[in-house]
Amino acid sequence: MRLKLVPSETNWDFFKYVRLTLGASAVAMVASLVLWLSVGLNFGIDFLGGTTIRTESAQVVDVAAYRAAVEPLGLGDISITEVFDPTFGPERNVAMLRIQAQEGQESVPPETILAIEEALRTVDPEMTFPSVESVGPKVSGELILTAMLAVGASMVAILFYIWLRFEWQFSIGAIAALVHDVVLTIGIFSLLQIRFDLATIAALLTIIGYSINDTVVIFDRLRENLIKYKKKPLRDVMNLSVNETLSRTVMTSGTTLLALLALLALGGDVIRGFVFAIFWGIIVGTYSSVFVAKNIVLLLGVNREPKDPEKGNQFAGIDA
Amino acid sequence: MLQIPLWKRVLIWGVVLIGLSYALPNAFYSRVETHNDAAALVEAGAAETGEIAADLGQWPAFLPSSLVNLGLDLRGGAHLLAEVQVADVYADRMDAFWPEVRDALRDARDTVGTIRRQDSPPDQLRVRISNPEEITRAVAIVRGLAQPIVSFTGVGQDDIEVSFEGADLIIELSEAEKQATDDRTLQQSLEIIRRRVDEAGTREPTIQRQGEDRVLIQVPGIASASELKELIGQTARLTFNPVVSRTSDPDAPPGPRNIVLPSIDEPNTYYVLEQTPVVSGDQLTDAQPSFDQNGRPAVNFRFNPTGARLFGDYTAENIGSPFAIVLDNEVISAPVIQSHIPGGSGIITGNFSVEESTQLAVLLRAGALPAEMIFLEERTIGPELGQDSIEAGALACLVALGAVLVFMMLSYGLFGVFANIALLLNIALIFGVLSLIGATLTLPGIAGIVLTIGMAVDANVLVFERIREELKTARGPARAIELGYEKALSAIVDANTTTFIVAAILFTLGAGPVRGFAVTLGIGIVTSVFTAIFVTRLLIVLWFERRRPKQIEV
């Protein structure tokens, strides 16, 4: 009568296709990097500077007409995208205009924004502008920097914590899994050209937090089993540990994905990119804690010399 | 492990109750908001009219009444990030220092000779003496004017640095004094922005210093960032300067220590003014909108005693000469002084509308910004968009919650129900803590809560899975539950600590959306660990004590 996503007793060999899984991860990472470097990310104004204007109209959005209306203002590169959302009714037609940062200006003067709004009203006099946001080039540069700093600092902090609680091999494994998740997320953002802004960085950091959560649970069990089964080969202990925690891994990822799915479908278009990043990251993060983190630990090997029982606490065995 | 002492049970339920009582007002948001607004009015000294009493009655006074602040993305409003041009102030400081230097050197005229102020970059004072061989003597005299700095960072340093170049003395602010000045400038700007925003009468504005020279201003409910900019972007620096001449050529050479400024309402008219004002708006004690004798809008003002004396003396000595009233480098008007004005009050007339005169009075009353501001970032979020986001977010949260509840019950049966109760309490606790600390809930913050819903079950899942495993070794249900909690604890602690580290880093380094997310994530982790480890366990123990089952199914 219980819903069981995973049979209560599993004995799967997660290393059977170790080459395949690690290979697939490597290929995916390289592909992501190539995409990132060739196609690039669709940075929002948080990172590029500039202005975005959200328009709402009862008439169907005619991108060409919008463009023709604002072109004479000579504001340089303007990108216009129509926003689709299942929660919008037929009388709600939303578009986003992005105007690049203007030469020599910290922020857009109100007259410019008024001029743009006037111009757009020639297309539809009833048009409304529910949000207008401008970020100057100075701030946008700093935002990139702090965002990168945040991602880097989190990784270092996690590396250090795991090193303290486990052993350095686990740290390396966990960080490898994190880098894997972050790179793959950047890859999907390049591929689908989803807007990459400050909220996306928050999502990236959540992915890091979630993925590490997942990895630590498996590591924790592994540590326990390493003490319990002193003679078993490392590979078998690892398989056992993953099998034992598999039900939990699937349950937790399942509930989280379920919750995110609701947000993805119903949360509105404003946070969709953000939610998508987390959604994707949880899939990738779950995969990486099972197939990347511990595989790296296996490659590095773990020091299993019997420990001095006097010093046998969690800080023992740090051989760095 | 299955024995939980009474004091612990009381403590756990106590924390839950307090959390719930703080979360409760959010369930009656608009009523509590009306109550709070009325309470604020009473506190500000408003008479308790029937209407206010009715509003107060919307929410009982003995219950907590703090609400979760809704962020701009949820409620609509304007957001501005401004950079204060702190270096502007250096020029004023040097100008103000000039008379002192002049007087000191004049006393030593026998040795250093005559003195003359030279043109220089704005943050320097350059003075040429006619006896260059006595320059070191002049330097010593000016150095004698330096004041020690009273600040933690600048102890033992003077406020000015004096050097020389040929026959020129160069006087500058020292690094430590510049820093202290910057700090003061920013504090003052914050204060004045706060006063101006308060005059506009909006609810819960956020005005914060950010970093060395920035101010973050968030005002909910205002229609647009440009409106806010008009209010706080104006320096509102009022000065009264002697007029040298009138011209129609903006490039006319003004002569030393003079400036050319345009007239605000006469096109193609420029005034050549003495650069050093007679009196400035700093000396004002009051300004009120009014009308002049012809019934046109004007602004009445009143000086403090120092200002009144300066103004009185000058008007007495210069009857018949024009006198310019300058606001932010534009001449409002340049009336001719008719008579001595001794009382320290006066009237500014110009081509104002009633609205303009009211705004000018507000600006003058609030005081001038010490330096100009440049806006680096501005965001306007319309209230409808915010409302849409709240609705979408709330719906998504409910659906997510429902799905997780069903999923947990299907997976773990009765234990799933216990976990579900804990989860609901967890969400209430998050809102309770958010209200208690006055945090702001943003859209990414809602996403953080949804994520916590997903992750909060994790701790319970870890325990339940562990209990399942322990049941296999069949040592009785009590022992299995006990071991389940015991063994899952280290994984729960490690997993949540790492996530909490991420939340803490996000909070420290992040801005805007990142921070909003970090707040709910961090709080969510703490409350979910509490509910999973303590509340769920207490529920299981209570059930176990009552039923004493021989075997359990998890």
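On a predicted model such as this, the values are computed, not experimentally measured, just so you know.

Focus: the overall build of chain B
Phase 1 of the analysis: Per the secondary structure count, chain B includes 15 helices and 19 strands.
Phase 2 of the analysis: Expected size for 554 residues packed as a compact globule is a radius of gyration near 24 Å; at 34 Å, chain B overshoots this value by more than 25%.
Phase 3 of the analysis: Across the 554 residues in chain B, those meeting the buried criterion constitute 51%.
Phase 4 of the analysis: Residue pairs in contact within chain B that sit at least 24 positions apart in sequence constitute 68% of those at least 6 positions apart.
Phase 5 of the analysis: Only carbon and sulfur atoms are counted for the fraction: they give 55% of the accessible area of chain B, which is about 25200 Å².
Phase 6 of the analysis: Taking the average place of the 43 positive charges on the side chains of chain B and the average place of its 66 negative ones, the gap between the two points comes to 11 Å.

Remarks on a nonpolar patch on the surface
Phase 1 of the analysis: A grouping of A:Leu3, A:Leu5, B:Val406 and B:Leu410 is seen on the molecular surface, where their side chains present a nonpolar patch of about 320 Å² in accessible area.
Phase 2 of the analysis: The residue B:Val406 is located in helix α12 (residues 383-436) in this model.

With respect to the packing of aromatic side chains
Within a pair of aromatic rings, the relevant descriptors are the distance that separates the centres and the angle that separates the planes.
Phase 1 of the analysis: For the structure on display, the rule yields 29 aromatic pairs over all chains.
Phase 2 of the analysis: Seen from their ring centres, A:Phe189 and A:Phe196 are 5.7 Å apart, and the 90 degrees between their planes marks the pair as edge-to-face. Comparing A:Phe189 with A:Phe196, the two get one shared label, buried.
Phase 3 of the analysis: Chaining the aromatic ring pairs together yields one cluster made of B:Phe240, B:Phe301, B:Phe303, B:Phe311, B:Tyr314 and B:Phe323.
Phase 4 of the analysis: Positioned over the ring face of A:Phe15 is A:Lys294, at 3.8 Å from the centre of the ring.
Phase 5 of the analysis: Of note, B:Arg537 hangs over the ring of B:Tyr485, and the distance from its end group to the ring centre comes to 4.8 Å.

Examining the nonpolar core
Phase 1 of the analysis: B:Phe415 and B:Phe464 are the most contacted members of the largest nonpolar core, which has 138 residues in total.
Phase 2 of the analysis: The residues touching B:Phe464, leaving out its near neighbours within four places in the chain, are B:Met408, B:Tyr412, B:Phe415, B:Gly416, B:Ala419, B:Thr536, B:Ile540 and B:Val554.

Concerning the domain arrangement of chain B
Phase 1 of the analysis: According to the domain assignment, chain B contains domain 1 (6-28 + 385-547), domain 2 (88-177) and domain 3 (236-351).
Phase 2 of the analysis: The centre of domain 1 of chain B, based on its C-alpha atoms, is set 65 Å off from the matching centre of domain 2 of chain B.

Looking at the pairing of strand β2 (residues 50-57) of chain A
Residues and elements named next belong to chain A.
Phase 1 of the analysis: In terms of residue burial, β2 counts as a mostly covered element, since 8 of its 8 residues are buried.
Phase 2 of the analysis: Residues Gly50, Thr52, Arg54 and Glu56 line one face of β2 and the alternating positions Thr51, Ile53, Thr55 and Ser57 line the opposite face, and both faces are buried.
Phase 3 of the analysis: Here β2 pairs with strand β4 (residues 93-100) via 8 bridges, running antiparallel. Considered in β4, the bridge of Thr51 is made with Ile99.
Phase 4 of the analysis: Bridge count for β2 against strand β5 (residues 128-135) is 6 bridges, and the pairing is antiparallel.

Quick look at the interface of chain A and chain B
Buried accessible area, meaning the area lost when the parts come together, often serves as the stated size of an interface.
Phase 1 of the analysis: Facing the 71 residues of chain A at the interface are 67 residues of chain B.
Phase 2 of the analysis: The interface formed by chain A and chain B contains 10 salt bridges.
Phase 3 of the analysis: Close ionic contact of B:Glu469 with A:Arg221 constitutes a salt bridge, the shortest N to O distance being 2.9 Å.
Phase 4 of the analysis: Taken together, chain A and chain B are joined by 22 residue pairs in polar contact (both at pLDDT 80 or more).

Quick look at the domain arrangement of chain A
All names here are of chain A.
Phase 1 of the analysis: Domain boundaries in chain A define domain 1 (18-43 + 140-300) and domain 2 (50-134).
Phase 2 of the analysis: Here domain 1 and domain 2 have C-alpha centroids that lie 37 Å from each other.
Phase 3 of the analysis: On the side of domain 2, 9 residues touch domain 1, which itself brings 9 residues to the contact.
Phase 4 of the analysis: Taken as a group, Arg195, Asp269 and Arg272 account for 62% of the area that domain 1 buries against domain 2, more than any other trio of residues on that side.

Concerning the pattern of salt bridges
Phase 1 of the analysis: Scanning the entire structure with this criterion turns up 40 salt bridges over all chains.
Phase 2 of the analysis: Close ionic contact of A:Glu142 with B:Arg214 constitutes a salt bridge, the shortest N to O distance being 2.7 Å. Residue A:Glu142 is found in helix α5 (residues 137-165), and its partner B:Arg214 is found in strand β8 (residues 214-220); the two belong to separate chains.
Phase 3 of the analysis: A residue is classified by how much of its surface remains accessible, and B:Arg214, at 11% relative accessible area, is buried.
Phase 4 of the analysis: As a salt-bridge pair, A:Arg221 and A:Glu244 come within 2.6 Å of each other at their nearest N and O atoms. You can see A:Arg221 sitting in helix α7 (residues 198-228) and its partner A:Glu244 sitting in helix α8 (residues 234-266), a full 23 residues away along the chain.
Phase 5 of the analysis: The exposure class of A:Arg221 is buried, given its relative accessible area of 6%.
Phase 6 of the analysis: Of the residues examined, A:Glu244 reaches a relative accessible area of 21% and is grouped as partly exposed.
Phase 7 of the analysis: Within the structure, one salt-bridge network assembled from shared partners comprises A:Asp46, A:Glu133, B:Glu377 and B:Arg379.

A few points about the sheet that holds strand β13 (residues 284-291) of chain B
All names here are of chain B.
Phase 1 of the analysis: Strand order in this open sheet of 3 strands is β13-β14-β17, and the pairing throughout is antiparallel. Looking at strand neighbours, the two that pair on one side only are β13 and β17 (345-349), the edges of this open sheet. Averaged over neighbouring strand pairs, the angle between their axes works out to 25 degrees when direction is ignored.
Phase 2 of the analysis: Here β13 pairs with strand β14 (residues 297-303) via 7 bridges, running antiparallel. Across the sheet, Ala287 pairs through a bridge with Phe301, a residue of β14.
Phase 3 of the analysis: Relative to the sheet, helix α11 (residues 354-366) contacts β13, β14 and β17, its axis offset from that of β13 by approximately 170 degrees.

A closer look at the packing of α12(B) against helix α15 (residues 513-547) of chain B
Residues and elements named next belong to chain B.
Phase 1 of the analysis: Close contact between α12 and α15 brings their axes to 8 Å; oriented N to C, the two are set at 140 degrees. Taken together, the axes of α12 and α15 are oblique relative to one another. Here α12 runs over α15; the crossing is right-handed.
Phase 2 of the analysis: A breakdown of the residues in the contact of α12 with α15 according to their chemical character gives 18 nonpolar, 7 polar and no charged.

Quick notes on the rules
- Residue numbers here run from 1 along each chain, matching the order of that chain's written sequence.
- Throughout, the order in which chains and ligands are written sets their labels, letters from A for the former and numbers from 1 for the latter.
- Two thresholds apply to this predicted model, a pLDDT of at least 70 for residue-level local features and 80 or more for giving and counting side-chain atom pairs, whereas whole-chain, interface and lining totals are computed over all residues.
- Just so you know, side-chain values use all the structure's heavy atoms and leave hydrogens and water out.
- Note on conventions: DSSP H or I runs of at least 4 residues are helices, E runs of at least 2 residues are strands, and numbering of each starts at the N terminus.
- Restricting the calculation to C-alpha atoms gives the radius of gyration, and the globule rule supplies 2.2 Å times the number of residues raised to the power 0.38.
- Each residue is assigned to one of three classes by its accessible area relative to the maximum for its type, calculated with a 1.4 Å probe on protein chains only: buried under 20%, partly exposed between the two thresholds, exposed over 50%.
- In what follows, residue pairs with any heavy atoms lying within 4.5 Å of each other are defined as contacts.
- The protein chains shown are the only cover counted for residues, whose accessible areas, like all others here, come from Shrake-Rupley with a 1.4 Å probe.
- For the purpose of charge, His is not counted, nor are the chain termini; Lys and Arg are scored as positive and Asp and Glu as negative.
- Throughout, a charge is located at the NZ atom of Lys, the CZ atom of Arg, the CG atom of Asp or the CD atom of Glu.
- Patch building starts from residues that exceed 30% relative accessible area and form no salt bridge, then joins like charges within 9 Å and nonpolar side chains (Val, Leu, Ile, Met, Phe, Trp, Tyr) within 5 Å.
- By convention in these notes, a salt bridge is any Lys or Arg side-chain nitrogen within 4 Å of a carboxyl oxygen on Asp or Glu.
- The rule is short: rings of Phe, Tyr and Trp, with Trp giving its six-membered ring, pair when the centres are within 6.5 Å, and they are stacked under 30 degrees, edge-to-face over 60, tilted in between.
- When the NZ atom of lysine or the CZ atom of arginine is within 6 Å of a ring's centre and also within 35 degrees of its normal, the charge is said to sit over that ring.
- Residue types Ala, Val, Leu, Ile, Met, Phe, Trp, Tyr and Cys, when buried and joined through side-chain atoms within 4.5 Å, form a set referred to as a nonpolar core.
- Where each domain starts and ends follows an automatic or database-derived domain assignment.
- If DSSP finds at least two bridges between two strands, the strands pair.
- Polar contacts here mean pairs of N or O atoms no more than 3.5 Å apart (in protein, one a potential hydrogen donor and the other a potential acceptor; neighbouring residues in sequence count only if both atoms are side-chain atoms).
- Two parts placed together each lose some accessible area; with a 1.4 Å probe, that loss summed over both constitutes the buried area.
- Helix axes are fitted to C-alpha atoms over the stretch in contact, other axes to C-alpha atoms as well, and angles between N-to-C directions run from 0 to 180 degrees.
- Put simply, angles under 35 degrees are roughly parallel, angles over 145 are roughly antiparallel, angles from 65 to 115 are roughly perpendicular, and the rest are oblique.
- Crossings are classed by handedness, with left-handed meaning an anticlockwise turn of the near helix from the far one by less than a right angle and right-handed meaning a clockwise turn.
- Residue polarity follows a fixed list, in which Ala, Val, Leu, Ile, Met, Phe, Trp, Tyr, Cys and Pro are nonpolar, Asp, Glu, Lys and Arg are charged, and the others, Gly among them, are polar.

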